[in-house]
Amino acid sequence: MSSTAKTELITVRDYLRYAVSHFNAAGLSFGHGSDNAWDEAVYLTLHALHLPLDRLEPFLDARLLPHEREQLLDLYNRRCQDRLPAAYLTREAWLGEHRFYVDERVIVPRSFIAELLAEQLTPWIADPWALESALDLCTGSGCLAILTALAFPNAEVDAVDLSQDALSVAERNVADYQLTDRVRLVHSDAFAGLAGKRYDLIISNPPYVDAESVAALPPEYLHEPEMALGSGDDGLDFTRIILAEAKKHLTDDGLLVVEIGHNRDALEAAYPTLPFTWLDTAAGDEYVFMLRAEDLPD
């Protein structure tokens, strides 16, 4: 950054304008918590200044101290030069009102299932207090396992991942939410380490990016663990494993909820006889499906 920027930019408003211009000029890609340069600039700025993330207006014309200016310019520079997702710069990600620790060992949390858990999967689960067991397959940072435990207060939750590094991050988040007595971390390749276990609910936000899309990913996404993104030519390799094995791990009245990104058409073509229920989210009804245990193949 030039010395001119450090002397001419004075207020929070100045730095936000500068950040947006800089982000746009750098051609950044968004999608790890925000979807545009302004929102990302606001988040990074408020976070760096230790200000409330939901209160920008009172601080817009506040003047910044020299060390604060240095910190902001360095943060903006790293975002542009290294193309790191904002979550890796701040070491945090948000799903609704819930904050989670993240770093490069895990994919940045972003899941439509979080919205559904906030509503306790209504109306598909009539009594949230009656749900006793749940599985979060491909848990990553543990965020969905934690949200599941919060949504269903009597449930014991298994959080499974093949990556031991991811489970280390999940362990930190589970401890932060004081849920170590109800969320069990399991190192397993899909269902391999769960012999004999059955659940009232299985949720999964698995790898689902198809090969063509993986090849075209912008630099920000390439900082994330590769195994958490791609899933074969059509993006359905891991989903096929889930559909083949889920029934023997569900109770008789159990539910399976899986996020599959933009693969609805491919999935329905591959499984024309399965009665998928597509759940409504803020982005539409194309991204998360539900199946009852009785509808799954043996």
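Everything below is about the structure printed above this text.
Throughout what follows, the structure given in this document is the object of discussion. (Residues numbered from 1 in each chain as written. Predicted model: local features only at pLDDT ≥ 70, side-chain atom pairs only at ≥ 80, totals over all residues. Heavy atoms only, no water.)

1. Some thoughts on the overall build of the protein chain
- Within the protein chain, the regular secondary structure consists of 12 helices and 9 strands.
- A compact globule built from 298 residues should have a C-alpha radius of gyration of about 19 Å, and the protein chain, at 21 Å, falls within 12% of that.
- Relative to its full complement of 298 residues, the protein chain shows a buried share of 50%.
- Long-range contacts, defined here as pairs at least 24 residues apart, represent 68% of the contacts in the protein chain between residues at least 6 apart.
- Counting every atom, the protein chain has about 14,000 Å² of accessible surface; 49% of that belongs to carbon and sulfur. (Helix = DSSP H or I, 4+ residues; strand = E, 2+ residues; numbered from the N terminus. Rg over C-alpha atoms; globule rule 2.2 N^0.38 Å. Buried < 20%, exposed > 50% of the residue type's maximum accessible area, 1.4 Å probe, protein only. Contact = heavy atoms within 4.5 Å. Areas by Shrake-Rupley, 256 points an atom, 1.4 Å probe, with all protein chains shown as cover.)

2. Describing the sheet that holds strand β9 (residues 288-292)
- Here 7 strands make up an open sheet; going across it, the order is β5-β4-β3-β6-β7-β9-β8 and the pairing mixed. Two strands close off the open sheet at either side, each with one partner strand: β5 (183-187) and β8 (277-278).
- Sheet topology places strand β3 (residues 133-137) next to strand β6 (residues 199-204); 4 bridges connect them, and they run parallel. When the sheet's bridge partners are listed, Ala-134 is paired in β6 with Leu-201.
- In the packing of helix α7 (residues 143-151) onto the sheet, the strands contacted are β3, β4 (156-161), β5 and β6, and the crossing angle to β4 comes to about 170 degrees. (Pairing = 2+ DSSP bridges. Axes fitted to C-alpha atoms, helices over the stretch in contact; angles between N-to-C directions.)

3. As for the packing of aromatic side chains
- The tally for this structure, following the rule as stated, stands at 6 aromatic pairs.
- For the ring pair Phe-23 and Tyr-76, a centre distance of 5.9 Å and an interplane angle of 90 degrees mean the geometry is edge-to-face. Linking Phe-23 in helix α2 (residues 12-26) with Tyr-76 in helix α4 (residues 66-81), this pair joins segments that are 53 residues apart in sequence. Exposure class is identical for Phe-23 and Tyr-76. Each is buried.
- Taken together, a centroid distance of 5.8 Å and an interplanar angle of 45 degrees make the contact between Phe-276 and Trp-278 tilted. Pair check on accessibility: Phe-276 and Trp-278 agree, each one buried.
- Among the aromatic residues, those joined into a ring-pair cluster are Phe-276, Trp-278 and Phe-289.
- One cation-aromatic arrangement involves Arg-172 over Tyr-101; the distance from NZ or CZ to the ring centre is 3.7 Å. (Phe/Tyr/Trp six-rings, centres within 6.5 Å; stacked < 30°, edge-to-face > 60°. Lys NZ or Arg CZ within 6 Å of the ring centre and 35° of its normal.)

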